[in-house]
Amino acid sequence: MNKEAIEKELKSDWAGRNLWYYDEIGSTNDRVLELGEEGAPHGTTVVADQQNGGKGRRGRTWISPSGTNIYVSILLRPEFDVQKAPMLTLLMAYSVTEVLRETEGLDARIKWPNDIVLNKKKICGILTEMTMKESSIDYVVIGVGINVNNEEIPQELTQSATSLKLETGKVTDRSILLARILERFEKDYVAFVKAGDLSPFQNGYNRILVNKENQVRVLKPGNEYQAVAHGINHLGELMVEKEDGTRETVFAGEVSVRGIYGYV
């Protein structure tokens, strides 16, 4: 994978058209944040063959060997209200999962809100960061890390993580896969902006939601409980039913959800 190979495959209008490629970088998200401060345009994309300072959710690191995976971050300059920004993380998860299902023929699914799993193990993580100017969005950065051609997973993660190659036995062309993801996200982003929420994707997201109709443990600060997940609403909130029959919606920014008997 290199810049020329990605650009050769890319058929988008703006996603990835201002493309920065690095053989090695600390974090693609950090680089896009820098470019955002410098005034880089909507759709600016940074891709790295290897990260040595990749970031995950809640401050975790993302394992980043060279020559195997996809590490990409895209800059967005939305004109909508700040309350809608968290939905972009779910939108990216949906776009990536649909590409894996449609172009790679994989039964990839989403673990709410934005982990992508294959055979109940994580293959992709997504991290969204936002910069504001006064009370409005200046820009948003969405980073995606996909385990593509890894032949091994660290021992401590073998029960919860995997790669496309480990699950399929096949080597995937990262340039082609990345180009398809950028194209699909661009299309979905346009539809999201037009609708103003996730309503165009709600049914599709719930169709591939691995948590749906399964028992989950909702990890809310100071209040953990078991419930059955019934899918997302148009805002991306997870609708759950508690053991006493009451229902509520949970927001990704305030809770974490785990399977009762494992990762999903």
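For clarity, every value in this text was computed on a predicted model and none was experimentally measured. (Residues numbered from 1 in each chain as written. Predicted model: local features only at pLDDT ≥ 70, side-chain atom pairs only at ≥ 80, totals over all residues. Heavy atoms only, no water.)

For the rest of this paragraph, the subject is helix H3 (residues 87-103). Across its 17 residues, H3 extends 24 Å between first and last C-alpha, which sits within 8% of the 24 Å expected from 1.5 Å per residue. Extensive coverage of H3 is indicated by the burial of 14 of its 17 residues. Positive backbone phi, at 70°, marks glycine 105, one or two positions downstream of H3. (Helix = DSSP H or I, 4+ residues; strand = E, 2+ residues; numbered from the N terminus. Expected span 1.5 Å × (residues − 1). Buried < 20%, exposed > 50% of the residue type's maximum accessible area, 1.4 Å probe, protein only.)

With that settled, the discussion passes to the confidence of the model for the chain. Per-residue confidence for the chain gives a mean pLDDT of 90, with 91% of residues at or over 70. Across the chain, the secondary-structure element scoring lowest on mean pLDDT is strand S12 (residues 256-259), at 65, and the one scoring highest is helix H5 (residues 174-195), at 98. (pLDDT = per-residue confidence, 0-100.)

To continue, consider the nonpolar core. Grouped together as the largest cluster of nonpolar side chains are 63 residues, with contacts concentrated most on Ile74, Leu76, Leu88, Val96, Trp112, Ile142 and Leu238. Formed by 10 residues, the second largest nonpolar core is a distinct cluster that contains Leu33, Leu35, Ala40 and Ala48. (Core = buried A, V, L, I, M, F, W, Y, C linked by side-chain atoms within 4.5 Å.)

The subject of this paragraph is empty space enclosed by the protein. The method is simple in principle: a probe with the dimensions of a water molecule rolls over the atoms, and the space it marks as empty is what remains. Per the counting criterion, the structure on display carries 1 cavity of 30 Å³ or more. In this model, the largest cavity occupies a volume close to 40 Å³. Forming the walls of the largest cavity are Val72, Ser73, Ile74, Met92, Ile142, Val144, Ile181 and Leu182. Every element with two or more residues in the lining of the largest cavity is listed here: strand S3 (70-76), strand S7 (136-146) and H5. Residue contributions to the lining of the largest cavity peak at 3 residues, all from S3. Counted by class, the lining of the largest cavity contains 7 nonpolar, 1 polar and no charged residues. (1 Å grid on protein atoms, 1.4 Å probe; cavity = no way out; pocket = protein on both sides within 12 Å on 5 of 7 lines; lining within 4 Å. Points joined across faces, edges and corners; volume = space filled by probe spheres on them. Nonpolar A, V, L, I, M, F, W, Y, C, P; charged D, E, K, R; others polar.)

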